[in-house]
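# Fold and contact review
What follows is each chain in one-letter form.
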Amino acid sequence: MTDIKPGDRVRIVSEYVTEPGRYAGQYGTVCRVDGDDLTFPYGVLLDGEEGCEWFHSVELVEPGPADLTRADLVVKAKELLAGTPHTAADIIAMARFLAGE
């Protein structure tokens, strides 16, 4: 079992032990983890759904722009511009670009 914890963004790898199931490839947020359950250890709130569903295998995904706050976007922009000559306006422009504006 990995270090996946509630609040992490994940992609469903397999719904069941023996097959991927219909939810494989969908994204969601971990709402519960049961380390004692080897069959369905991950409770995930799928994007656009209500209620926590249990899955056999999930993988962590990088948060997308919709999951990031403005402060997160500025930090990411600073990381991307590190080592380059840039201004505060450049950081703001990069943050807007990352947000899809």
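Look a little higher up for the structure.
Presented here is a report on the structure given in the accompanying data block. (Residues numbered from 1 in each chain as written. Predicted model: local features only at pLDDT ≥ 70, side-chain atom pairs only at ≥ 80, totals over all residues. Heavy atoms only, no water.)

### Notes on the state of the cysteines
- For the structure on display, the rule yields 1 disulfide.
- Through a disulfide, Cys31 is tied to Cys52; the S-S separation comes to 1.8 Å. What sets the handedness of the Cys31 and Cys52 disulfide is the S-S torsion sign, and at about 95° it is right-handed. Here Cys52 lies in the loop between strand S3 (42-46) and strand S4 (53-55) and Cys31 lies in strand S2 (residues 27-33), a separation of 21 residues in the sequence.
- The exposure class assigned to Cys52 is partly exposed, which follows from its relative accessible area of 24%. (Disulfide = S-S within 2.5 Å. Helix = DSSP H or I, 4+ residues; strand = E, 2+ residues; numbered from the N terminus. Buried < 20%, exposed > 50% of the residue type's maximum accessible area, 1.4 Å probe, protein only.)

### Focus on the nonpolar core
- Of all hydrophobic cores here, the largest spans 10 residues; its members are Ile4, Val10, Ile12, Tyr23, Val30, Tyr42, Val44, Leu46, Phe55 and Val58.
- If you list the elements that add at least two residues to this core, you get strand S1 (9-14) and S3.
- A total of 3 residues in this core trace back to one element, the largest contributor, which is S3.
- When sequence neighbours within four positions are dropped, the list of residues in contact with Val30 reads Ile4, Lys5, Pro6, Gly7, Asp8, Val10, Gly43 and Val44. (Core = buried A, V, L, I, M, F, W, Y, C linked by side-chain atoms within 4.5 Å. Contact = heavy atoms within 4.5 Å.)

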